[in-house]
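Chain by chain, the residues:
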Amino acid sequence: MFKKDLSPSPKQKLKSSVQRSLRQSLLSTYPLLTPHVDEFLPKKASLESMKLPDRNTLYVLDSEPLFFQQDMSPLMPHLRLVHRFPQAFPTIRIDRGAIRFVLSGATLMAPGLTSKGGRLPVDGAPKQLPEGDEMNQRADADGRWSRELAKGEPVVIVAEDKTEACAVGMLVCGTDEVKDKGKGPVIEDAHFLGDGLWKLNTD
């Protein structure tokens, strides 16, 4: 989505009511951010928005990029936020061979996840968590998420033998389907290390 370099645009301060609804939306999409929200988005914070190409909006606090959104699609975390709170986002792992494709903005295909180096959610993982159980999801020691991830859900991509996430994207099919079929597109790469959004000057 941000393969080309981006030019910064003027930032606009957001009304407190807009900030509140964004904060609420962020926590309903990523409940595991709840314990950290006051650290990166205090209630009295002065959040700003910056318009980006293709109807995207970046949300920035004190020059720190936090998350972005295209039209009415779910809020997606900027990789700098992911690197601060890596346990707070659903993740899948790609094998070494898929890294160069992800870092060129390509759609991620199933073989990069179903191979020996890839990691999909644990076998037998529930498709949905019972209501009120949202805080009980995590990656196990092997890097497998504890529930299946659904089509249309934002997901963080980590790579085999790397510690920090390399991309965030949107699932174009559920992880249970990926396990069944083992082929086809899985994730539309929205933002990756070194892309225009990563390099954008937000001062």
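Residues numbered from 1 in each chain as written. Predicted model: local features only at pLDDT ≥ 70, side-chain atom pairs only at ≥ 80, totals over all residues. Heavy atoms only, no water.

(A) The arrangement of unusual backbone geometry in detail. Even without glycine at this site, aspartate 62 takes up a positive phi of about 50°. Among the secondary structure elements, aspartate 62 is positioned in the loop between strand E3 (56–61) and strand E4 (64–70). A relative accessible area of 68% places aspartate 62 in the exposed class. (Helix = DSSP H or I, 4+ residues; strand = E, 2+ residues; numbered from the N terminus. Buried < 20%, exposed > 50% of the residue type's maximum accessible area, 1.4 Å probe, protein only.)

(B) Local environment of the nonpolar core. The biggest cluster of nonpolar side chains holds 61 residues, and the ones touching the most others in it are Leu33, Phe40, Leu41, Leu47, Phe67 and Ile94. With five residues, the top contributor of residues to this core is strand E8 (residues 154–159). Ignoring anything within four residues of it in the chain, the contact list for leucine 33 reads Leu26, Leu27, Phe40, Phe85, Ala88 and Phe89. (Core = buried A, V, L, I, M, F, W, Y, C linked by side-chain atoms within 4.5 Å. Contact = heavy atoms within 4.5 Å.)

(C) Local environment of the UniProt feature "domain: Pre-PUA" (unreviewed entry) in the protein chain. In the numbering adopted here, UniProt assigns the feature "domain: Pre-PUA" (unreviewed entry) to residues 2–86. Secondary structure across residues 2–86 comprises 28% helix and 27% strand; the distance between its end C-alpha atoms is 22 Å. (UniProt positions renumbered as here; feature names shortened; annotations may be inferred.)

(D) The sheet that holds E8, seen in detail. The strand order across the open sheet built from five strands is E6-E8-E9-E10-E7, with neighbouring strands paired in mixed fashion. This sheet does not close on itself; its edge strands, each paired only once, are strand E6 (91–94) and strand E7 (108–109). Where E8 and strand E9 (residues 167–171) come together, four bridges link them in antiparallel fashion. In the strand pairing of E9, valine 156 is matched with valine 168. (Pairing = 2+ DSSP bridges.)

(E) Summary view of helix H1 (residues 16–29). For H1, with 14 residues, the first-to-last C-alpha span of 20 Å sits near the 20 Å given by 1.5 Å per residue. Taken as a whole, H1 has its buried residues at Gln19, Leu22, Arg23, Leu26 and Leu27. Buried residues along H1 cover an arc of 130° about the axis, so they all sit on one side. Across H1 from its buried face, at more than 90 degrees, point the exposed residues Arg20, Gln24 and Ser28. (Expected span 1.5 Å × (residues − 1). Arc of directions from axis to C-beta.)

(F) Broad picture of the layout of surface pockets. Put simply, the largest pocket is a space of about 300 Å³. In terms of lining residues, the largest pocket is bounded by 17 residues, among which Pro86, Gln87, Thr91, Val158 and Thr163 are the most central. Every element with two or more residues in the lining of the largest pocket is listed here: helix H3 (79–84), E6 and E8. Counting residues per element, the lining of the largest pocket draws most heavily on E8, at three residues. Residues belonging to the lining of the largest pocket are distributed by class as follows: eight nonpolar, five polar and four charged. For the second largest pocket, the calculated volume is near 220 Å³. (1 Å grid on protein atoms, 1.4 Å probe; cavity = no way out; pocket = protein on both sides within 12 Å on 5 of 7 lines; lining within 4 Å. Points joined across faces, edges and corners; volume = space filled by probe spheres on them. Nonpolar A, V, L, I, M, F, W, Y, C, P; charged D, E, K, R; others polar.)

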